[in-house]
Amino acid sequence: MTMDEYQRDMRLAYLSGAPGMLCSAAAWLVAAAVAFQVSAPASVLALLAGGLFIYPASILVCKALGSSGKHAKSNPLGSLAIEGSLWLVFCLPIAYAVSKYNVAWFFPCMMLVIGGRYFTFHTLYGLRLYWVCGAVLAAAAYLLAAFKAPPPAAALSGSAIEIIFAIIILVRHRRGAEV
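Rules of the game
- Residues numbered from 1 in each chain as written.
- Predicted model: local features only at pLDDT ≥ 70, side-chain atom pairs only at ≥ 80, totals over all residues.
- Heavy atoms only, no water.
- Helix = DSSP H or I, 4+ residues; strand = E, 2+ residues; numbered from the N terminus.
- Rg over C-alpha atoms; globule rule 2.2 N^0.38 Å.
- Buried < 20%, exposed > 50% of the residue type's maximum accessible area, 1.4 Å probe, protein only.
- Contact = heavy atoms within 4.5 Å.
- 1 Å grid on protein atoms, 1.4 Å probe; cavity = no way out; pocket = protein on both sides within 12 Å on 5 of 7 lines; lining within 4 Å.
- Points joined across faces, edges and corners; volume = space filled by probe spheres on them.
- Nonpolar A, V, L, I, M, F, W, Y, C, P; charged D, E, K, R; others polar.
- Phe/Tyr/Trp six-rings, centres within 6.5 Å; stacked < 30°, edge-to-face > 60°.
- Axes fitted to C-alpha atoms, helices over the stretch in contact; angles between N-to-C directions.
- Parallel < 35°, antiparallel > 145°, perpendicular 65-115°, else oblique.
- Left-handed = near helix turned anticlockwise from the far one by under 90°.

(A) Local environment of the overall build of the protein chain. A tally of regular secondary structure across the protein chain gives eight helices and zero strands. In sequence order, the protein chain lays out its α and β elements as α-α-α-α-α-α-α-α. In summary, the protein chain has a C-alpha radius of gyration of 16 Å against a globular reference of 16 Å for 179 residues, a match within 12%. Counting all 179 residues of the protein chain, 45% fall into the buried class. Here the analysis covers contacts within the protein chain between residues at least 6 apart in sequence; of these, 80% occur between residues at least 24 apart.

So this is what it looks like as structure tokens:
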């Protein structure tokens, strides 16, 4: 198989990654609600806990939307997906430590980590739109930190960015666009 065929396999199996991004956006939205209703430290825990359910929930969404949620075993891009997930997991203790120093920095920190991970999704799915998404998350992280945005606003921003990109990606996937 060629790289294009491997990427096509990933796009078909996971609906170009849109369900995972929607599930991630849901975790951010729950964290925002917790930040508004409970406290910023509780919202940090809410995002971390919600993150545990992103992958299994995204597979359920894939299947509900008619996709397999499973790439070919011979597809080497599956390793890249796992490696990107491990990178994210390894960054969580740093983000949590940052929240202990200044809780308002947690969500921008997570936006940088997740945005960086989305850069690898260009290779995973063959979609340049993931570069744009990663850059938007990074820019938003810097702006939120620079303007000292409160945690509820920062969490809501992360959710909104992911919802917008997930919808664009899913619509483009359904139309067969590969950009």
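(B) Local environment of the environment of F121. Mapping F121 onto the fold places it in helix α6 (residues 106-125). Separated by 113 residues in sequence, F121 and R8 have C-alpha atoms that sit 13 Å apart. Those residues in contact with F121 that sit more than four places away from it in its chain are G126 and Y130.

(C) A look at the layout of surface pockets. Estimated volume of the largest pocket: approximately 900 Å³. Around the largest pocket, the lining comprises 36 residues; the ones closest to its centre are G51, I54, Y55, S85 and R117. Mapped by element, the contributors of at least two residues to the lining of the largest pocket are α1 (3-14), α2 (18-37), α3 (40-51), α4 (54-64), α5 (77-101) and α6. Residue composition of the lining of the largest pocket, grouped by class: 25 nonpolar, nine polar and two charged.

(D) Structural context of the packing of aromatic side chains. Counting across every chain of the model gives eight aromatic pairs. Relative to F107, the ring of F106 lies with its centre 5.0 Å away and its plane at 80°, an arrangement referred to as edge-to-face. The buried category is assigned to F106, whose relative accessible area is 0%. With 5.7 Å between their ring centres and 25° between their planes, Y125 and Y130 make a pair best called stacked. Accessibility classification places Y125 together with Y130 in one group, the buried group. Chaining the aromatic ring pairs together yields one cluster made of Y118, F121, Y125 and Y130.

(E) Spotlight on the environment of M111. Checked against the element boundaries, M111 lands in helix α6. The class for M111 is buried, based on a relative accessible area of 0%. It is 6.7 Å that separates the C-alpha atoms of M111 and G158, two residues lying 47 residues apart in sequence. Apart from residues lying up to four places away in sequence, M111 is in contact with W28, L137, A140, A141, L144, A154, S157, G158 and I161.

(F) Structural view of the packing of α6 against helix α8 (residues 151-175). Across the interface, α6 lies against α8 with an axial gap of 9 Å and an inter-helix angle of 20°. Between α6 and α8, the interaxial angle falls into the category roughly parallel. When you trace α6 past α8, the crossing you get is left-handed. Between α6, through F107, P108, M111, I114 and Y118, and α8, the contact on the second element is made entirely by P151, A154, A155, S157, G158, I161 and E162.

The values reported here are purely geometric and, on their own, carry no functional implication.
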